[in-house]
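The lines below spell out each chain.
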Amino acid sequence: QTVRWHIELQPWASPTPSLNYEASRFLKYISTSQISCEHMNLNSLKGYSETTKKPWSICLDERFSLIHRIRSKQCRLYSLGLGNDDNQFELSMANSGCEVHRFDPSIKSAHIQEGRHLWYHRLSIDWRDPNPAIAAHKLHSNTKKLGTVLNEFGHQKIDVLKADVESAEWKILENLILEDVVEQIGQLVFEVHIHWPGFEVSGNDSTVVRYWYSLLRELELKDFRLFHTYKDLSKPQMFLKKEAFNASSCYTLSWVNTRWK
């Protein structure tokens, strides 16, 4: 299997590169469900409280594996965060019997277990370019790629990967795709930020939006389908530092891997 350094970029949305065309294609794409999901909240599960600040929507329909794995207490959630206090979703998943691992570089101890099912790890998930010439730079020991973490923990699969990583999400997503780790994940719930390109994403505005769109199309090629979009209206209405396109600067997107039955 050949290692890929770059994702395939989709053709431009218009004959000549145009931010208007790229933005409208991208925003339409993230606002359109590709598959329907009837059951998206944890209310039916015990220990769930309604005080969640954001809707981290997961698909609990019978045709997908997650609900069955929750019932049989075999589910696993990885949560990637950066000093965020809102851990209601993680607690509710742990209360449902899921094994929950929260990765956050701001945690005080290397590993903390809280209750039977919840672990905190002082780790940030690496989003750097997988090209070895760049990777040769000495990385902090508490920065690891998700594939490395899975191997070290002896985990083959993650039922849900939640990411709230303040603009590192684009490069993390790219890394998951390039290193084929995404196929080991059942559902993705990512907060995406579109008020600026994101960490280590370069290029002019239309190039950036084409790259974002191409990343999400790669997920589709891997049989992930978008089933829920939450547009955060409490955040500024900014799209690449412009008050345009009627976009929030922040969306929470949920996908299900349709190969996982």
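Residues numbered from 1 in each chain as written. Predicted model: local features only at pLDDT ≥ 70, side-chain atom pairs only at ≥ 80, totals over all residues. Heavy atoms only, no water.

Enquirer: Describe in detail the state of the cysteines, supporting the description with residues and values.
Expert: Working definition of a disulfide: a covalent bond connecting the sulfur atoms of two cysteines. Per the counting criterion, the structure on display carries 2 disulfides. Between Cys 37 and Cys 59 runs a disulfide, and the two sulfur atoms are separated by 2.2 Å. In this structure the cystine formed by Cys 37 and Cys 59 twists about its S-S bond by roughly 110°; its chirality is therefore right-handed. Of this pair, Cys 37 sits in the loop between helix H1 (19-30) and helix H2 (65-71) while Cys 59 sits in the loop between H1 and H2, and the two are 22 residues apart along the sequence. Overall, the relative accessible area of 11% leaves Cys 37 in the buried class. Here Cys 75 is linked by a disulfide to Cys 98, with a sulfur-sulfur distance of 1.7 Å. Between Cys 75 and Cys 98 the sulfur-sulfur dihedral comes to about -105°; the bridge is accordingly left-handed. One end of the pair, Cys 75, is in the loop between H2 and strand E1 (76-81); the other, Cys 98, is in the loop between helix H3 (88-95) and strand E2 (99-103), with 23 residues separating them in the sequence. Look at Cys 98 and you get buried, because its relative accessible area is 0%. If you count the bonded cysteines of the protein from the N-terminus, they pair up as 1-2, 3-4. (Disulfide = S-S within 2.5 Å. Helix = DSSP H or I, 4+ residues; strand = E, 2+ residues; numbered from the N terminus. Buried < 20%, exposed > 50% of the residue type's maximum accessible area, 1.4 Å probe, protein only.)

Enquirer: Report on the sheet that holds strand E4 (residues 118-121), specifying residues and quantitative values.
Expert: Within a sheet, adjacent strands bond to each other through the backbone by hydrogen bonds, running parallel or antiparallel. Read from one edge to the other, the open sheet built from 8 strands follows the order E3-E4-E2-E1-E7-E8-E10-E9, with strand pairing classed as mixed. Across the chains shown, the open sheet's two edge strands, defined by having one partner strand only, are strand E3 (111-114) and strand E9 (224-231). Recorded for the sheet is a direction-independent mean angle of 15° between the axes of neighbouring strands. In the packing of helix H6 (residues 169-178) onto the sheet, the strands contacted are E1, strand E7 (158-164) and strand E8 (185-193), and the crossing angle to E8 comes to about 150°. (Pairing = 2+ DSSP bridges. Axes fitted to C-alpha atoms, helices over the stretch in contact; angles between N-to-C directions. Contact = heavy atoms within 4.5 Å.)

Enquirer: A description of H3 should follow, citing residues and the corresponding values.
Expert: Of all 8 residues in H3, 6 are buried; the element is thus mostly enclosed. All of the buried residues along H3 are Gln 88, Phe 89, Glu 90, Ser 92, Met 93 and Ala 94.

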